[in-house]
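This is what each chain is made of:
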Amino acid sequence: MKLIRKITERVARRNPIKYARKIGVKVGNECRFTGNPRWGSEPWLIQVGNHVLLSAEVNFITHDAGTFLFRDTEEYKDVFKFAPIVIHDNCFIGMRSTLLPGIEIGPNSVIAAGSVVTRSVPPGEVWGGVPAHFIETTKEYADKCKETRLPYDIQAYNTDMKAELLRVTHQAYKFFK
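The rules behind these values
Residues numbered from 1 in each chain as written. Predicted model: local features only at pLDDT ≥ 70, side-chain atom pairs only at ≥ 80, totals over all residues. Heavy atoms only, no water. Helix = DSSP H or I, 4+ residues; strand = E, 2+ residues; numbered from the N terminus. Rg over C-alpha atoms; globule rule 2.2 N^0.38 Å. Buried < 20%, exposed > 50% of the residue type's maximum accessible area, 1.4 Å probe, protein only. Contact = heavy atoms within 4.5 Å. Areas by Shrake-Rupley, 256 points an atom, 1.4 Å probe, with all protein chains shown as cover. Pairing = 2+ DSSP bridges. Salt bridge = Lys/Arg side-chain N within 4 Å of Asp/Glu carboxyl O. Patch = residues over 30% accessible without salt bridge, like charges linked within 9 Å, V, L, I, M, F, W, Y side chains within 5 Å. Axes fitted to C-alpha atoms, helices over the stretch in contact; angles between N-to-C directions. Phe/Tyr/Trp six-rings, centres within 6.5 Å; stacked < 30°, edge-to-face > 60°.

Take the overall build of the chain next. Each helix and strand in the chain was counted, giving five helices and 13 strands. By the compact-globule yardstick of 16 Å for 177 residues, the chain is too spread out, its C-alpha radius of gyration being 20 Å. When its C-alpha atoms are laid out on the principal axes, the chain stretches across 65 × 45 × 35 Å. Taken across its 177 residues, the chain has 31% of its residues classed as buried. Pairs at least 24 apart in sequence give 20% of the contacts found in the chain among residues at least 6 apart. When the accessible surface of the chain is split by element, carbon and sulfur atoms take 57% of a total near 11,700 Å².

Pasting the structure below:
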């Protein structure tokens, strides 16, 4: 029985957006998930806006199980802590980031890979770190990316991406052999 359940879940997870919707995550249009996020135990408390890219192994934690330590005492009887996670439109969440309960990621924001987001991120900002903190505005980040862009030949890139990436990488990074 366990084997059949594992196989069924693995097949369902081949389409991570369809799987997310199936388990209760609200997912907008034009989203892209690279790999399968870890939705946690309350996926119905998660909302993902339009045009959001989630990198691999993003963790969503919608509860604080630390209440287990004291919720059996009379003073804190039956204390549980659950809260939603909302990612607004046009956001990027980097690989292996962790989003904690009760946070919002504002529109047009970027979360750097490996970040632990413990509080809400305002619109149009790049945050990263453990815990995540403000790094720069999304506009500043976009301008920096444009300034440091390698001189790709877009036609060559579209024809043979690997060869073009290797060509420009060898030119720009002398330590790359």
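Here the narrative resumes, following the displayed structure.
One ladder, built from four bridges, connects strand β12 (residues 125–128) with strand β13 (residues 133–137); its direction is antiparallel. Bridge pairing in β13 links W127 to F134. Between β12 and β13, which pair antiparallel in sequence order, lie four residues; one of them, G129, sits at a positive phi of approximately 110°.

A word on the pattern of salt bridges. Taken as a whole, this structure holds four salt bridges when the rule is applied. Two residues, E136 and K144, come together in a salt bridge whose shortest N-O distance is 3.1 Å. By relative accessible area, E136 is classed as buried at 10%. For K144, a relative accessible area of 43% translates into the label partly exposed.

On to a nonpolar patch on the surface, then. Taken together, the side chains of F68, L69, F70 and Y76 present a nonpolar region at the surface, about 450 Å² in accessible area. Here F68 shows up in the loop between β5 (59–60) and β6 (85–87).

Through backbone hydrogen bonds, the strands of a sheet pair up, either in parallel or in antiparallel fashion. Pairing is mixed in the open sheet, where six strands are placed in the order β2-β4-β7-β10-β12-β13. At either margin of the open sheet sits one strand with a lone partner, and together these are β2 (32–33) and β13. As judged from the two bridges shared by β2 and strand β4 (residues 53–54), these two strands associate in the parallel manner. Bridged to R32 within β4 is L53. Sitting on the sheet, helix α3 (residues 138–147) touches β12 and β13, and the angle it makes with β13 is about 60°.

What follows deals with unusual backbone geometry. Residue P131 is reached from V130 by a cis peptide bond, and omega for that bond is -10°. Within the secondary structure layout, P131 lies in the loop between β12 and β13. Residue E30 is not a glycine yet carries a positive backbone phi of 60°. Tracing the backbone through its elements, the reader meets E30 in the loop between β1 (26–27) and β2. Here the phi dihedral of R96 falls at roughly 60°; this positive angle occurs in a residue that is not glycine. Tracing the backbone through its elements, the reader meets R96 in the loop between β7 (92–93) and β8 (98–99).

The next point concerns the packing of aromatic side chains. The full count for this structure, using the stated rule, is six aromatic pairs. With 5.6 Å between their ring centres and 65° between their planes, Y173 and F175 make a pair best called edge-to-face. Judged by its relative accessible area of 69%, F175 falls in the exposed class. Through successive ring pairs, a cluster of aromatic residues spans F33, W39 and F60.

By themselves these figures say nothing about function.
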